Amino acid sequence: MWSADEIAGLCYLHYRTRLPKQGKPDPKREWTSLAAVVKVESAAQTEVLGSPGTLQVTKEVVAMGTGTKCIGQNKMRKNGDILNDSHAEVVAKRSFQRYLLHQMWLAASHQQCSIFSPGTETGKWELKPNIIFVFFSSHTPCGDASIIPITESENQLYKPVTAGDAAGQSAECRSNHDHLCPEDKRKAESLASNCAIKRMKTGDDGCFSTITEDLPVQQESIKREDNANQKCCECSAEVQTANKETGLVRPKVVDVHRTGAKCVPGELDDARTPGLGYHCVGLLRVKPGRGDRTCSMSCSDKLARWNVLGCQGALLMHFLQHPVYLSAIIVGKCPYSQEAMQRAIIERCKHISSLPDGFLAQEVKLLQSDLRFEHSREAVQEGQTNSKTKLVPCSAGPEILALENHGPLSSLSYFGKQHVNT
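On a predicted model such as this, the values are computed, not experimentally measured, just so you know. Each chain carries its own residue numbering, running from 1 in the written order of its sequence. Local features are withheld for residues below a pLDDT of 70 in this predicted model, meaning they are given only at 70 or higher, and side-chain atom pairs are given and counted only at 80 or more; totals for whole chains, interfaces and linings count all residues. Side-chain numbers here rest on the full set of heavy atoms in the structure, without hydrogens or water.

When you look at the overall build of the protein in this model, what are you seeing that I'm missing?
The secondary structure content of the protein amounts to 8 helices and 22 strands. Summary of the burial criterion: residues with accessible area below 20% of their type's maximum are buried, those above 50% are exposed, and those between are partly exposed, where the area comes from a 1.4 Å probe applied to protein chains only. Across the 422 residues in the protein, those meeting the buried criterion constitute 48%. Intrachain contacts of the protein at a sequence separation of at least 6 include 68% that bridge at least 24 residues. Carbon together with sulfur atoms contributes 51% to the accessible area of the protein, which is approximately 21500 Å² in total. Counting from the N terminus, the helices are DSSP H or I runs at least four residues long and the strands are E runs at least two residues long. In this description, contact between two residues means that some pair of their heavy atoms is separated by no more than 4.5 Å. Per-residue accessibility takes into account occlusion by the displayed protein chains alone, with areas from the Shrake-Rupley method and a 1.4 Å probe.

Written out as structure tokens, the structure reads:
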């Protein structure tokens, strides 16, 4: 029906040909992230009876956004005229909600072109069975999904890291210190006098993981955590392992990609030991700010939430029989780990129960494309190998890229500057 590269290529083409140059990065010094939602519609069963074995599908980009910025908590406004979160994934989802609202208006107007059809409950609608939605992001979502193991070989940095490369991640780990290389062990030991090692029992498997915390800062947090139900925290240390059956040695994992997203204040924190044990995985995080801390959850956390609650929002849910879920999430060519994505988007929410009727944690399909976004940081860096120009995130123009013919947007402000999008 479709492939990851087909979806990525369609999104890149839409970005190049359907969106104005205004607001796009200067390729000599700026980069950005891209996200989009693609509607995949299969032909009705009656239309394909004449050609058995083939299923015709149409693919259409219905929402798109770019952006890398998020305002700090001191710039948040009670009247909502400044957007808190302008990361590409959130902008695209915001545009997708607008698309869904427009489609609901078409359905209520009895227009056949709507993606919704009457449900079995009076006054409720549901998505037509031959339509699915695929979410695309040019880069791995910030937060937990970006804590990616790095193997010793440099050519592994921009390739998917397999389960074999990242073996021994959770249940088998006993402490961050045991898995550090000799140099990092010495650094960690030199910091031991200022740190407390706290052992926590995980939820189900009975194994332990270690949290390193700074004594003067975290004393109150430790007391609260000891008195509360202890939460699962898996160490992000990745080690070199051998396949006992075949005798093959897997690539040595020497570090992890850092994420700028910070752990939620008052909850468990990263160990921050050098090398492999720097991050603790599976934690909720807020987006990084520029000096001023943000209050916006990371894109990994938001995607995990959408995978349970749907993308339609609370308003539209009043008129829907079932939530609108994503069938697949595709990431463009960039540092990527299938295990990290699985953990961040799916595994963390599997235990959720007592949801309202119709809601269910989904097993969304996770894929990576081999096509790189032309304005990604990696692509711009490759084109400027001999340049001394400092690369910066794109700061120009409106970051909501809404669909044509869906009506005007209100005046919105990005970092205090107002833009009217039509």
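I tried to follow the nonpolar core on my own but got confused; where do I start?
Note on soluble globular proteins: their nonpolar side chains tend to be buried together. Judged by nonpolar contacts, the single largest core of 38 residues is most densely connected at Phe96, Phe116, Phe133 and Ile329. Within the residue set of this core, elements represented by two or more residues are β2 (34–42), β3 (57–66), α2 (88–108), β8 (131–137), α5 (299–309), α6 (313–317), β17 (328–331) and α7 (338–346). A total of 7 residues in this core trace back to one element, the largest contributor, which is α2. Ranked by size, the runner-up nonpolar core spans 20 residues in total, among them Ile7, Ala36, Val38 and Val61. We call a set of buried residues a nonpolar core when its members are Ala, Val, Leu, Ile, Met, Phe, Trp, Tyr or Cys and they connect through side-chain atoms within 4.5 Å of each other.

Looking at this structure, I do not really get the pattern of salt bridges. What am I missing?
Two side chains of opposite charge can pair, provided their charged atoms sit close to one another. What makes a salt bridge here is a side-chain nitrogen of Lys or Arg within 4 Å of a carboxyl oxygen of Asp or Glu, nothing more. Taken as a whole and judged by the stated rule, the model has 17 salt bridges. With its nearest N and O atoms 3.7 Å apart, the salt bridge here joins Arg29 to Glu30.

Before we go on, may I ask you to explain a nonpolar patch on the surface in this structure?
Within this analysis, patches are made of residues with over 30% relative accessible area and no salt bridge. Like charges are joined at 9 Å or less; nonpolar side chains (Val, Leu, Ile, Met, Phe, Trp, Tyr) at 5 Å or less. A cluster of nonpolar residues, Leu101, Leu315 and Phe319, forms a patch on the protein surface that exposes about 290 Å² of accessible area. Its location among the elements puts Leu315 in helix α6. Accessibility expressed as a relative area gives 57% for Leu315, which makes it exposed.

In this structure, what is going on with the confidence of the model for the protein? I would like to understand it.
The predicted coordinates of low-pLDDT regions are not to be read in fine detail. Taken over all residues, the pLDDT of the protein has a mean of 75, while the share at 70 or more is 68%. A score between 0 and 100, pLDDT records how confident the predictor is in each residue. In this model residues 397–422 is a low-confidence stretch, pLDDT under 50, and it forms 64 contacts with partners more than four residues away in sequence or in other chains.

Sorry, what's going on with the environment of Val364 here?
Note that Val364 resides in the loop between α7 and β18 (365–368). Owing to a relative accessible area of 5%, Val364 belongs among the buried residues under this scheme. Considering only alpha carbons, one finds Val364 and Ile346, 18 residues apart in sequence, at a separation of 7.5 Å.

Mind showing me how you'd approach helix α1 (residues 4–18) here?
By definition here, a helix of n residues has an expected span of 1.5 Å times n minus one. Helix length check: α1 (15 residues) gives 21 Å between terminal C-alpha atoms against 21 Å at 1.5 Å per residue, within 8%. Within the sequence span of α1, burial applies to Ala4, Ile7, Ala8, Cys11, Tyr12, His14 and Tyr15. Viewed end-on, α1 has its buried residues packed into an arc of 155 degrees, placing them on one side of the element. Looking at the buried positions of α1, the neighbouring elements they touch are β2, β3, β8, β17 and β18. Read the arc as the range of directions from the helix axis to the C-beta atoms.

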